[in-house]
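What follows is the residue order along each chain.
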Amino acid sequence: MLCKVMIKGAYDAEEVSSDGELIFVDNGFDLSYHIAGDNCILSARGSTVTQSRRGNFNTDITFVKGKNTVCMLLSGELTGSVPVKTTALDISCGEKRVAVTMEYFLGGSKIYLSLKAVAADVNRFEEGVK
């Protein structure tokens, strides 16, 4: 389903929005969207989230609360990895909306991410109800 995606990348950062597509699957969802000209896919399966970004930045990151994972950096034939430690991860799903919030360390930097997606027809419906 088509949706509106809202992304906040730091506690004091402004929210960025994008059009996207949300597909529910067994035990989770796949969300495709664009940010800064890059194509992104955020997938949730149970308590694991993966994020892939292709364009100016090419990365694949897996997030699992309390676990050490990696961020794979891809650039042509060159690849590398940076350690990731997810300290907080909350995934919520509704019939026509999803939300993911997380805190993690990428290398030595602490990062906060909040991502919400709401089906495009929910906004039109809710506006008509008011």
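Before any of the text, the structure's been laid out above.
Quick summary incoming for the structure in this document. Not measured: the values here are computed from a predicted model.

Here is what the cut-offs are and how they apply
Residues numbered from 1 in each chain as written. Predicted model: local features only at pLDDT ≥ 70, side-chain atom pairs only at ≥ 80, totals over all residues. Heavy atoms only, no water. Core = buried A, V, L, I, M, F, W, Y, C linked by side-chain atoms within 4.5 Å. Buried < 20%, exposed > 50% of the residue type's maximum accessible area, 1.4 Å probe, protein only. Helix = DSSP H or I, 4+ residues; strand = E, 2+ residues; numbered from the N terminus. Contact = heavy atoms within 4.5 Å. Pairing = 2+ DSSP bridges. Axes fitted to C-alpha atoms, helices over the stretch in contact; angles between N-to-C directions.

**Considerations on the nonpolar core**
Line of reasoning, step 1. Val5, Phe29, Leu31, Tyr33, Val49, Phe63 and Met102 are the most contacted members of the largest nonpolar core, which totals 23 residues.
Line of reasoning, step 2. Put simply, the parts of the chain that give this core at least two residues each are β1 (2–8), β3 (28–35), β4 (38–45), β6 (59–64), β8 (78–93), β9 (97–106) and β10 (109–119).
Line of reasoning, step 3. When residues of this core are assigned to their parent elements, the largest contribution, 4 residues, is made by β9.
Line of reasoning, step 4. Contact partners of Phe29, with chain neighbours within four places excluded, come to Leu22, Ile23, Phe24, Leu42, Ser43, Ala44, Arg45, Ile91, Cys93, Val98 and Val100.

**A few points about the sheet that holds strand β5 (residues 48–54)**
Line of reasoning, step 1. Reading around the circumference, β1-β2-β3-β4-β5-β6-β7-β8-β9-β10 is the order of the 10 strands in this closed barrel, with antiparallel pairing throughout. Strand-to-strand twist in this sheet, taken as the mean axis angle between neighbours without regard to direction, amounts to 25 degrees.
Line of reasoning, step 2. Of the strand pairs in this sheet, β1 and strand β2 (residues 16–25) are connected by 6 bridges, and their pairing is antiparallel. Each bridged residue has a counterpart across the sheet, and for Cys3 the counterpart in β2 is Gly20.

**As for unusual backbone geometry**
Line of reasoning, step 1. Despite not being glycine, Asn27 shows a phi value in the positive range, around 65 degrees.
Line of reasoning, step 2. Its location among the elements puts Asn27 in the loop between β2 and β3.
Line of reasoning, step 3. The phi angle at Ala36 is positive, at roughly 50 degrees, despite the residue not being glycine.
Line of reasoning, step 4. Take Ala36: it is sitting in the loop between β3 and β4.
Line of reasoning, step 5. Looking at Ala36, the relative accessible area reads 58%, which means it is exposed.

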